[in-house]
Amino acid sequence: MNRFEYIRPATVADAIAALNEPAARALAGGTNLVDLMKYDVAQPSRLVDINRLPLKSIEITSGGALRIGALVTNTDLAWHQDVREKWPILSSAILAGASPQLRNAATAGGNLMQRTRCYYFYDPSTACNKRQPGSGCSAIGGVNRIHAILGASDSCIAVHPSDMCVAMVALDASVEVEGPEGKRSIPMSGFHRLPGGEPERDNTLKVGELITSIIIPEPHFGAHHTYLKIRDRLSYAFALISVAAALRVDEGVIQDARIALGGVAHKPWRDFDAEKSLKGERVGTQGFTQVADFILRDAKGQGDNDFKIELARRAIVRALEQAAAGTPQDQADKSIH
Amino acid sequence: MNQIPHYPQISISLTINGTLHELKVEPWVTLLDLLRERLLLTGTKKGCDQGQCGACTVLVDGKRVNSCLALAVSRDGAEITTIEGLAQNGELHPLQVAFIGRDAFQCGYCTPGQICSAAGLLAEGHTRSRAEIREHMSGNLCRCGAYTNIADAVEDVLMPRIAAKEAAE
């Protein structure tokens, strides 16, 4: 681990001032950043410990939306009574990820900022455009079982690892940030980005900006939702494919549909055209198969991960069937019905 | 010659197993290394040192965390409980008794982390079934593969507590 300056600000304004240099990093739970520092993948000049900032509350706004402080732990968010009742897909996605120990430390803001688990990104002895821009991508033509099938570029085929973010994208969340130029709100679907020619940029945050909260409107899907996560072992592994699916159904006709995928791209993948195509359709496997094919129309394998295209297709169909039936995936009993 | 930058040590206080410690630490020292190397509390184990195995699990303000991924400075003011702090007045913690009773280990290296993790699980109150025990203990790996007996030991302590709580309600 490199040597760094350590600052523990008491106010958001002081934190933003301390973060206003390119090699400064905010420290929250540390579950990803400290890990990356041990590998010398992250080498911050300054750590700004934001754990004393007043960003730890979960509130329901006057408009009925959920406001999640950036420092709320994954555990506190997933088990919060209002979240379990009104935003159950968010609770389910969080509980599908990591381990209880990690969820006790990891924060909502930190989850958005976590970096890919591409093995080459984690190994400084290899070329990686995300870690060292211009050095090349070892995963293209290398071992790429876990890598992207949608939205990849010639520079990078890494995937975003989060479960929580997949549910947040499906639920139309927005990210509140504060920086040297003031406050702004970023729609969750535009927070993370595709790699293009700049894979070193995971998201659209600017230097010095700090996530302060995440806002999610109240969804109206009742029990018609699921978070289905497919991975190499039953617990405590990143998604090969995950699907957050939610439907609003009236007498068998779909009024609103949300489908977001994890493990497939550099960002949680949501296809608004695909969702629109389900509106007015009757629930049924045939329509679900068609929409899955549509979502994956541009999917491209890299060799080792070719299987993920068919896996994604089947996972989308199964998730939509679970949502239609009102039988969300159980995250403790792993059998998939 | 370039001057090596000076990084000051930082004063922190931690209450560890009931005893207050005033310490000066460099900011890059993890809670795990502080416990083991400075305070010689070597019950907490370093397995992967990357948050993947759970051998370093301790309770911070009553909640289980991976001490290898926690910088000690960022936990200033916290109350830490390690495996050395679970026994009270010479009496083993019920989980320690259950792990012995169920022979829930082979080499024993993961055991302190398993027991601290299980203590966190009991306090959380979200675990009610065998499937949930397995899921909620999934952050602790056992390379000897004693999982069945570990789940038995946790079940031995958890289930009577659930029954007692239900009887009281």
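Reading the values: rules and limits
Residues numbered from 1 in each chain as written. Chains lettered and ligands numbered in written order. Predicted model: local features only at pLDDT ≥ 70, side-chain atom pairs only at ≥ 80, totals over all residues. Helix = DSSP H or I, 4+ residues; strand = E, 2+ residues; numbered from the N terminus. Buried ≥ 20, exposed ≤ 12 C-beta atoms within 10 Å, placed from the backbone. Contact = placed C-beta atoms within 7 Å. Rg over C-alpha atoms; globule rule 2.2 N^0.38 Å. Nonpolar A, V, L, I, M, F, W, Y, C, P; charged D, E, K, R; others polar. Pairing = 2+ DSSP bridges. Axes fitted to C-alpha atoms, helices over the stretch in contact; angles between N-to-C directions. Core = buried A, V, L, I, M, F, W, Y, C linked by C-beta atoms within 7 Å. Parallel < 35°, antiparallel > 145°, perpendicular 65-115°, else oblique. Left-handed = near helix turned anticlockwise from the far one by under 90°.

Visitor: What am I meant to see in the overall build of chain B here?
Guide: Assigned secondary structure in chain B consists of five helices and five strands. Counting from the amino terminus, helix and strand elements in chain B follow one another as β-β-α-β-β-β-α-α-α-α. Taking the principal axes of the C-alpha coordinates as reference, chain B spans close to 70 × 35 × 30 Å. With 169 residues in all, chain B has 43% of them scored as buried. Put simply, of all contacts in chain B between residues at least 6 apart along the chain, 58% involve residues at least 24 apart.

Visitor: So what exactly am I meant to see when it comes to the overall build of chain A here?
Guide: A tally of regular secondary structure across chain A gives 11 helices and 12 strands. Expected size for 337 residues packed as a compact globule is a radius of gyration near 20 Å; at 19 Å, chain A falls within 12% of this value. Overall, chain A is about 60 × 50 × 35 Å in size when its C-alpha atoms are taken along their principal axes. Looking at chain A as a whole, 51% of its 337 residues qualify as buried. Within chain A, residue pairs in contact and separated by at least 24 positions form 65% of the contacts whose partners lie at least 6 positions apart.

Visitor: Can you walk me through the environment of A:Leu19 in this structure?
Guide: Residue and element names in this part refer to chain A. Relative to the elements of secondary structure, leucine 19 occurs in helix H1 (residues 12–19). Separated by 161 residues in the primary sequence, leucine 19 and proline 180 place their C-alpha atoms 9.4 Å from one another. Dropping the residues within four chain positions of it, leucine 19 is found in contact with Ala24, Ala26, Val48, Gly208 and Leu210.

Visitor: Quick question: what am I supposed to make of the interface of chain B and chain A here?
Guide: Often the size quoted for an interface is simply the accessible area lost on bringing the parts together. Contacts between the two partners involve 27 residues from chain B and, on the opposite side, 26 residues from chain A. Contributions of two or more residues to the side of chain B that touches chain A are made by strand E4 (63–66), helix H3 (111–124) and helix H4 (130–136) of chain B. Partitioned by chemical class, the residues of the side of chain B that touches chain A number 10 nonpolar, 12 polar and five charged.

Visitor: How should I be thinking about helix H1 (residues 31–38) of chain B in this particular structure?
Guide: Note on helix geometry: an α-helix contains 3.6 residues per turn, so any two residues three or four positions apart are oriented the same way. When H1(B) is considered as a whole, its buried residues turn out to be B:Leu31, B:Leu32, B:Leu34 and B:Leu35. With its phi angle positive at about 55°, B:Leu40 sits one or two positions after the end of H1(B).

Visitor: Help me understand the sheet that holds strand E9 (residues 225–230) of chain A in this model?
Guide: Hydrogen bonds between backbone groups are what pair the strands of a sheet, and the pairing can be parallel or antiparallel. Residue and element names in this part refer to chain A. The strand order E9-E10-E11-E12 describes an open sheet built from four strands, whose pairing is antiparallel. The two strands at the open ends of the sheet, each matched to only one other strand, are E9 and strand E12 (269–270). In the sheet, strand E11 (residues 253–262) pairs with E12 via two bridges, with the strands oriented antiparallel. Within E12, the residue paired with alanine 260 across the bridge is arginine 270. Along the sheet, helix H5 (residues 88–95) contacts E9 and strand E10 (241–250); its crossing angle with E9, the most-contacted strand, is approximately 15°.

Visitor: I keep staring at the nonpolar core and nothing clicks. Help me out?
Guide: If you look at soluble globular proteins, the nonpolar side chains tend to sit buried side by side. Residues and elements named next belong to chain A. By size, the foremost hydrophobic cluster in this structure holds 149 residues, and its most contacted members are Ala167 and Met168. Of all the elements, helix H11 (residues 307–325) adds the most residues to this core, at eight residues. Those residues within four positions of methionine 168 in sequence are excluded, and the remaining contacts are Leu90, Ala173, Met188, Ile214 and Ile216.

Visitor: So what exactly am I meant to see when it comes to unusual backbone geometry here?
Guide: In most cases, non-glycine residues show a negative phi, while peptide bonds are predominantly trans. Despite not being glycine, A:Tyr236 shows a phi value in the positive range, around 55°. With 19 C-beta atoms packed within 10 Å, A:Tyr236 lands in the partly exposed category.

Visitor: What is the right way to look at the pairing of strand E5 (residues 66–69) of chain A in this model?
Guide: Each regular strand displays side chains that alternate between the two surfaces of the sheet. Residues and elements named next belong to chain A. The sheet contact formed by strand E4 (residues 58–60) and E5 spans three bridges and is antiparallel. In the strand pairing of E5, isoleucine 60 is matched with leucine 66. Here E4 folds back onto E5 in antiparallel fashion, the turn holding five residues, of which glycine 64 has a positive phi close to 85°.

Visitor: Help me understand the sheet that holds strand E2 (residues 19–25) of chain B in this model?
Guide: All names here are of chain B. Taken together, the five strands give an open sheet; going across it, the order is E2-E1-E5-E3-E4, and neighbouring strands pair in mixed fashion. If you trace the sheet from one side to the other, it starts and ends with E2 and E4, each paired once. This sheet shows a mean twist of 40° between the axes of neighbouring strands, independent of strand direction. Direction of pairing for strand E3 (residues 57–60) relative to E4: antiparallel, over a ladder of four bridges. Of the residues in E4, the one forming a bridge with valine 58 is valine 65. Packed on one face of the sheet, H3 meets E3 and E4 and runs near 35° to E3.

Visitor: I would appreciate a short explanation of the packing of helix H2 (residues 94–101) of chain B against H3(B) in the present structure.
Guide: In helix packing, the relevant descriptors are the interaxial angle and the interaxial distance, both defined with respect to the helix axes. All names here are of chain B. One can describe the packing of H2 onto H3 by two numbers: an axis separation of 10 Å at closest approach and a directional angle of 130°. When the axes of H2 and H3 are compared, the pair comes out oblique. Regarding H2 and H3, the two cross each other, and that crossing is right-handed. Between H2 and H3, the contacting residues are Leu95, Gln96 and Phe99 on the first element and Thr111, Ile115, Ala118 and Ala119 on the second. Of the residues assigned to the contact of H2 with H3, the class counts are five nonpolar, two polar and no charged.

Visitor: How do you make sense of the packing of H2(B) against helix H5 (residues 147–168) of chain B when you look at a structure like this?
Guide: All names here are of chain B. Two numbers describe how H2 lies on H5: the axes approach to 8 Å, and their chain directions differ by 140°. By the angle between their axes, H2 is oblique relative to H5. Of the two elements, H2 crosses H5, and the hand of that crossing is right-handed. On the side of H2, the interface is formed by Pro94, Leu95, Ala98 and Phe99, while H5 contributes Ala153, Asp156 and Val157.

Structural measurements only, silent on function.
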